[in-house]
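Residue strings, one per chain:
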Amino acid sequence: MHFFQHKDGLLHCEEVMVEEIAREVGTPFYLYSYRTLVRHFRAFDSAFKELPHLVCYSAKANSNLAVLKTFINLGGGVDVVSGGELFRALRAGADPSKIVYSGVGKSEEEIRYALNEGVLMLNVESYQELHLIDGIASKLGTKAPISFRVNPDIDPQTHPYIATGVKQTKFGIDIDRALGWYRDAKELPHLEIRGVSCHIGSQLTEVGPFVEALRRVKELALQLRGEGIEVEYVDLGGGLGITYHQEEPPHPQEYAQAIIEEGKDLPCTYIFEPGRVIVGNAGILVTRVLYTKEGEKNFVVVDAAMNDLVRPTLYGAYQEIASVSEKGGDEKVADMVGPICESGDFLARDRLMPYFEPGDLVAVMSAGAYGFSMSSNYNSRPRVSEVLVRDGAFYLIRERESYEDLIQGEKIPPFLDE
Ligand SMILES: *Cc1c(COP(=O)(O)O)cnc(C)c1O
């Protein structure tokens, strides 16, 4: 449930008219509802209240400082996958002891940064990484808190690009070999084993694969305990899906019940890393129609493009299109496309939509996750602004980039000026 609704035909974010914000900040822009962010975080967190747990919001879904701070204020931790995300989390005020660091390619510098800041644990994904971490910790004169990210080989039935827990993917270590690796890790002097992790994929719409993953992780954890290897944390990753169109994902309550049931004979602190389910439907992308072209195929050209929201191009993802000011009347089938010089630059394809006209405002719904955070400057388009609504007021939480921002850090070597 979210707080983007039409009232008297006009789209509102909570109590604020979207049109009014567009007038003030220009288009395109991302718009988030604070009340929705809080509601979604709390719904997820409280679903696990009977289990010792920590919700580490997955920063990569939406890493704006204000969004991170919202969850930090609610007691959340953060799941980061790069030094840059760690920096953001710390800037937003995250408690380092609530930060988990995942990722298949952590650099030496990133590992040092994480250890110096005192993160809760590094989720290790390769044997070489394990030894590198041990070596770095030794130089720093500390013990590195780690867990292994295991690959439980479960097909989450989602888009192949976001399925991460099957053997063919680059993620994690083969669960069947994990026991041996834990034994080795136990012998390394500068490591402290904290737990077991997994993350099987994103936009999952069934609880089955999560339960199956936990079952396998639990088996491993109990084996480890049998050998005196302490498993204080079980990190089950993120991945719970949302409704973009007609999907019917389980409610966090249902997901939690299934996990609690499966996990009851494995007492430990459970970590969850939800991203999309918290922020996905808490944000929209607002864009303006520039032109319409009619012919064999109809096109609505808007001022937002694949560089602003890449999900349709990258995954063929469906994003609902809504009029900011309801038009009524006839509809037609058209593609909604951006100004970028690529045929893959579209926000919607062969979609039944109102007869939009130049100047109309359009809301691309469910754009709060993997929207701005995946945006780029392709075609030298400044990245758009981000706005947060709370209690009848709105706040600019990221300024639109300027042309000067686009060339920041670029240099012309002297020989070109000769
Ligand atoms: C992307 C990711 C998440 C978040 O996934 P969602 O589908 O957005 O919940 C959590 N953990 C890890 C390790 C990830 O890579």
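Residues numbered from 1 in each chain as written. Predicted model: local features only at pLDDT ≥ 70, side-chain atom pairs only at ≥ 80, totals over all residues. Heavy atoms only, no water.

Caption draft 1: Up close: the site of the ligand. Taken together, 14 residues form the shell around the ligand, and within it Lys60, Ser202, Glu273, Arg276 and Tyr370 come nearest. With respect to the ligand, the side chain of glutamate 273 contributes an N or O atom lying 2.5 Å from a nitrogen atom. Here an oxygen atom of the ligand and a backbone polar atom of arginine 276 are 2.8 Å apart. (Near = heavy atom within 4 Å. Polar contact = N/O pair within 3.5 Å; in protein donor to acceptor, adjacent residues only side chain to side chain.)

Caption draft 2: Focus on the nonpolar core. Grouped together as the largest cluster of nonpolar side chains are 101 residues, with contacts concentrated most on Phe48, Ile146, Phe148, Val150 and Met336. Sort the elements by how many residues they give to this core and helix H8 (residues 208-226) lands first, with 7 residues. Beyond its immediate sequence surroundings of up to four residues, phenylalanine 148 is in contact with Val124, Leu130, Ile173, Trp181, Tyr182, Ala185, Gly195, Val196 and Ser197. Residues Ile21, Val25, Ala363 and Met365 belong to the second largest nonpolar core, which totals 19 residues. (Core = buried A, V, L, I, M, F, W, Y, C linked by side-chain atoms within 4.5 Å. Buried < 20%, exposed > 50% of the residue type's maximum accessible area, 1.4 Å probe, protein only. Helix = DSSP H or I, 4+ residues; strand = E, 2+ residues; numbered from the N terminus. Contact = heavy atoms within 4.5 Å.)

Caption draft 3: Representation of the domain arrangement of the chain within the structure. Domain annotation for the chain reports domain 1 (4-32 + 280-406) and domain 2 (34-279). Here domain 1 and domain 2 have C-alpha centroids that lie 32 Å from each other. Listed as interface residues are 26 residues of domain 1 and, on the opposing side, 23 residues of domain 2. For the pairing of domain 1 and domain 2, the buried interface totals around 2200 Å² over both sides, and the portion due to carbon and sulfur atoms is 53%. (Domains from an automatic or database assignment. Buried area = accessible area lost by both parts, 1.4 Å probe.)

Caption draft 4: Broad picture of a nonpolar patch on the surface. A cluster of nonpolar side chains, contributed by Ile412, Phe415 and Leu416, occupies part of the molecular surface with about 360 Å² of accessible area. Assignment of secondary structure puts phenylalanine 415 in the segment after helix H12 (403-406). (Patch = residues over 30% accessible without salt bridge, like charges linked within 9 Å, V, L, I, M, F, W, Y side chains within 5 Å. Areas by Shrake-Rupley, 256 points an atom, 1.4 Å probe, with all protein chains shown as cover. Salt bridge = Lys/Arg side-chain N within 4 Å of Asp/Glu carboxyl O.)

Caption draft 5: Helix H3 (residues 65-73), seen in detail. Burial in H3 covers these residues: Val67, Leu68, Thr70, Phe71 and Ile72. Where H3 begins, one side-chain oxygen reaches toward the backbone nitrogen of alanine 66, 2.8 Å away; that side chain belongs to asparagine 64. Directly beyond the C-terminal end of H3, a positive phi value near 95° is found at glycine 75.

Caption draft 6: Broad picture of the packing of aromatic side chains. What the rule picks out here adds up to 14 aromatic pairs. Geometrically, the ring pair formed by tyrosine 127 and tryptophan 181 is edge-to-face, given 5.0 Å between the ring centres and 65° between the ring planes. Remark: tryptophan 181 occurs in helix H7 (residues 175-187) and tyrosine 127 occurs in helix H6 (residues 127-140); sequence separation between them is 54 residues. Given a relative accessible area of 31%, tyrosine 127 falls into the partly exposed group. Look at tryptophan 181 and you get buried, because its relative accessible area is 13%. Relative to tyrosine 182, the ring of phenylalanine 148 has its centre 4.7 Å away and its plane inclined at 80°; by these criteria the two rings are edge-to-face. (Phe/Tyr/Trp six-rings, centres within 6.5 Å; stacked < 30°, edge-to-face > 60°.)

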